[in-house]
Amino acid sequence: MKRIVLLNGCSERMETLPLSAAKAFIKGFNENNSYEVVTINLYDKDIEYCTGCKECLNNENKCCICDDLKYILNKLNDASYVIWVAPIYSLSFPNKIKAILERILAFNIKQKEEKIVKAQCKHILFSTLGLYSYENKYAHLMEYTDLFFGKASLRLLCPSEEDEYTFGYKGINSESIKNFEEAGREYRITGDITIESK
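All values derive from a computational prediction rather than experimental measurement.

S.K.: Summarise the overall build of the protein; cite the residues concerned and give the values.
M.R.: Looking only at helices and strands, one finds seven helices and five strands in the protein. Traced from its N-terminal end to its C-terminal end, the protein shows the element sequence β-α-β-α-α-β-α-β-α-β-α-α. Across the protein, every contact between residues at least 6 apart in sequence was considered, and the portion connecting residues at least 24 apart equals 79%. Counting only carbon and sulfur atoms, one obtains 49% of the accessible surface of the protein, whose full area is about 11,000 Å².

Dropping the structure here:
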């Protein structure tokens, strides 16, 4: 069975806006249950930071650090779609996602690949910012995703509302859930999302 891997990079051990949006998108995309969906909560995993030892370049692309990255890579390498749930922390990815990207970048340097996971795998990013004003605050993240995933990757940005920033996340409303589900259906059928959906 084909696989969708959802990598949840939210540090909070609860539902968040980008996670809710990603789940709704997957529900619409996978309404006929053609895909196995694997959810990995990165902050529940032991993922160490790259030490720059270069062992992976001399050891068949195998990292010498023994942690949960091997499990994650096994899931990614067989995935048709990888969905990254990544709130913006300091105008970039959360630490756990940055640690994964740093640890697996060397694999593709040796293979002279431009993308971190094999080409047939498609990447979808759900991101949000804990500020209701988001002008120019996604620029760094967009450059990052272009570099790692290619410009063909789909990016869905979910700006917070003012009351969410002030009082905390209270759940995504039913209309937004339906919109993300419809976006998932549209993406399954057309491979893209129209401006109207965005």
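S.K.: Which residues make up unusual backbone geometry, and what are the values?
M.R.: Located in the positive-phi region is Asn 33, a residue other than glycine, with phi close to 55°. Tracing the chain through its elements places Asn 33 in the loop between helix 1 (17–29) and strand 2 (35–41). Non-glycine residue Lys 54 carries a positive phi angle of around 65°. For Lys 54, the location among the structural elements is in the loop between strand 2 and helix 2 (55–58). According to the relative accessible area criterion, Lys 54 is exposed, its value standing at 54%.

S.K.: Give a description of the nonpolar core that names residues and reports values.
M.R.: Looking at soluble globular proteins, one finds that nonpolar side chains tend to be buried together. Within the largest apolar cluster, 30 residues are counted, with the highest numbers of intra-cluster contacts made by Leu 7, Leu 42, Ile 72, Trp 84, Phe 93 and Leu 101. Sorting the residues of this core by element identifies strand 1 (2–8), strand 2, helix 3 (69–77), strand 3 (81–85), helix 4 (95–111) and helix 5 (139–149) as the ones contributing at least two each. Apart from residues lying up to four places away in sequence, Ile 72 is in contact with Leu 7, Ile 40, Leu 42, Ile 47 and Ile 100.

Reading the values: rules and limits
Residues numbered from 1 in each chain as written. Predicted model: local features only at pLDDT ≥ 70, side-chain atom pairs only at ≥ 80, totals over all residues. Heavy atoms only, no water. Helix = DSSP H or I, 4+ residues; strand = E, 2+ residues; numbered from the N terminus. Contact = heavy atoms within 4.5 Å. Areas by Shrake-Rupley, 256 points an atom, 1.4 Å probe, with all protein chains shown as cover. Buried < 20%, exposed > 50% of the residue type's maximum accessible area, 1.4 Å probe, protein only. Core = buried A, V, L, I, M, F, W, Y, C linked by side-chain atoms within 4.5 Å.

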